[in-house]
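Each chain, written out:
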Amino acid sequence: MSVRSFTYCPDCGARLETRIQEERPRDYCPVCKRFHYQHLKVGAGAVIVSDGRLLLLQRSAAPFRGSWNLPAGYVEADESPNQAVVREVSEEVGLSVEVERLLEVYYFDDDPRGNGIFIVFQCRILNGEVGVSPEAQAARFFAPSDLPEELAGGGHDRAVREWARYIASP
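Residues numbered from 1 in each chain as written. Predicted model: local features only at pLDDT ≥ 70, side-chain atom pairs only at ≥ 80, totals over all residues. Heavy atoms only, no water.

## Focus on the overall build of the chain
Step number 1: A count of helical and extended segments in the chain gives two helices and 10 strands.
Step number 2: Oriented by its inertia axes, the alpha-carbon framework of the chain measures out at about 60 × 30 × 30 Å.
Step number 3: Split into buried and exposed, the 170 residues of the chain put 39% on the buried side.
Step number 4: Taking the contacts inside the chain whose residues are at least 6 apart along the sequence as the reference set, 60% of them involve residues at least 24 apart.
Step number 5: For the chain, the accessible surface area stands at approximately 9700 Å², while carbon and sulfur atoms represent 49% of it.
Step number 6: On the chain, the mean spot of the 19 positive side-chain charges and the mean spot of the 25 negative ones are 5 Å from each other. (Helix = DSSP H or I, 4+ residues; strand = E, 2+ residues; numbered from the N terminus. Buried < 20%, exposed > 50% of the residue type's maximum accessible area, 1.4 Å probe, protein only. Contact = heavy atoms within 4.5 Å. Areas by Shrake-Rupley, 256 points an atom, 1.4 Å probe, with all protein chains shown as cover. Lys, Arg positive; Asp, Glu negative; His and termini not counted. Charge placed at Lys NZ, Arg CZ, Asp CG, Glu CD.)

Take a look at the structure:
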């Protein structure tokens, strides 16, 4: 996916120009006299396992509607990735969790909302019952041998497959 540039300066509203800096085309504001850099989106996701089965949600909205993904979401500007994953799990499935450890960081360029990194944490359930929010059609635990074929992009597909390979390895 190519990176989209802005048309107008987010600071002053002037029309941006494209200029070469560091051998790359960049958005430049002729009024503010500065370059505007595009940044990756940052998402945080949870690997939550119960009885050897992985919790996945079936998406109810685009992109990736109907696909399955980990409980996850974007990190807000005022929170850490650890805080974001705890918040997202609570919002999406109603569980209170704690982060046990960082599992992996994935780069993705297959999301129409923009390129980013997906930070995946192993989380432990503290309390609550699995439910669904308006963002999901369903939520359920899957055994490694019973994972759905239709996995969401944005790093979710790779994270789920790596979890299954890790569980299946001796």
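## A short note on the environment of Ser90
Step number 1: Here Ser90 shows up in helix 1 (residues 81-93).
Step number 2: Separated by 40 residues in sequence, Ser90 and Val130 have C-alpha atoms that sit 9.5 Å apart.

## Here we look at helix 1
Step number 1: Spanning 13 residues, helix 1 covers 18 Å between terminal C-alpha atoms, matching the ideal 18 Å at 1.5 Å per step.
Step number 2: Of all the positions in helix 1, only Ala84, Val85, Glu88, Val89, Glu92 and Val93 are classed as buried. Buried residues along helix 1 cover an arc of 130° about the axis, so they all sit on one side.
Step number 3: Contacts made by the buried residues of helix 1 are with strand 4 (41-50), strand 5 (53-59), strand 7 (72-74), strand 8 (96-108), strand 9 (116-127) and strand 10 (136-142). (Expected span 1.5 Å × (residues − 1). Arc of directions from axis to C-beta.)

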